Structure formats: C-alpha cells, structure tokens
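Chains, contacts and geometry: an overview
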Amino acid sequence: MSARTQTRTHRAASDTVEIRLPWWAVALPALAFAALLLLIAGPGQAQAAAGDPAVGRLLGRVLELLSA
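Quick notes on the rules
- Residues numbered from 1 in each chain as written.
- Predicted model: local features only at pLDDT ≥ 70, side-chain atom pairs only at ≥ 80, totals over all residues.
- Heavy atoms only, no water.
- Helix = DSSP H or I, 4+ residues; strand = E, 2+ residues; numbered from the N terminus.
- Buried < 20%, exposed > 50% of the residue type's maximum accessible area, 1.4 Å probe, protein only.
- Areas by Shrake-Rupley, 256 points an atom, 1.4 Å probe, with all protein chains shown as cover.
- Expected span 1.5 Å × (residues − 1).
- Salt bridge = Lys/Arg side-chain N within 4 Å of Asp/Glu carboxyl O.

Quick notes on the overall build of the protein chain
Scanning the protein chain from N- to C-terminus turns up two helices and zero strands. Sorting the 68 residues of the protein chain into buried and exposed places 0% on the buried side. Just so you have it, the protein chain exposes about 7500 Å², and 64% of that area is on carbon and sulfur atoms.

As for helix H1 (residues 23-41)
For H1, which comprises 19 residues, the first-to-last C-alpha distance of 27 Å matches the rise-based estimate of 27 Å (1.5 Å per residue) to within 8%. By the criterion of burial, H1 is predominantly exposed, with just zero of the 19 residues buried.

Let's talk about the pattern of salt bridges
For the structure shown, the criterion picks out one salt bridge. Salt-bridge contacts for glutamate 64 lead to arginine 61; the nearest nitrogen and oxygen are separated by 3.4 Å. Note that glutamate 64 and arginine 61 are positioned in helix H2 (residues 54-67) at a spacing of three residues, about one turn of the helix. Given a relative accessible area of 48%, glutamate 64 falls into the partly exposed group. The exposure class assigned to arginine 61 is partly exposed, which follows from its relative accessible area of 48%.

By themselves, these figures tell us nothing about what the structure is for.
What follows is the structure, encoded as structure tokens:
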C-alpha cells in the first residue's frame, strides 16, 4: 500500500514573493521606538545631583568640542 505524494508546482522565476506580517509585528516595534524616542527627547524631571561639579564642567567641555 503506497501513500500518495503531492507534487509541487514550480513557480516561474519572475514571480514576486509575498510576505504578510500580522499587524502587531509592525505596530509593537514602532510603538517601542516612539516610546524610547520620547524618553530621550522629552524634557526630564530629573534633578541634578548635588555631587561633584566637575562632571558638569566635563560634559559642557565635551559639548563645546563637539559643536565646534
């Protein structure tokens, strides 16, 4: 008793491949990107540390060098 095998039909090489993604496969990364962008670009409510002011001066100097 032999089992039937399905024969594949070969597509022509000129056919395009269609890729379908579920809606959440596009929406979730876009939402995560937007959230991270808002965290970076948004005005923060963090207060400056009352520690060593040298760190602030160093960062200011680095910004001056990068902007020149």
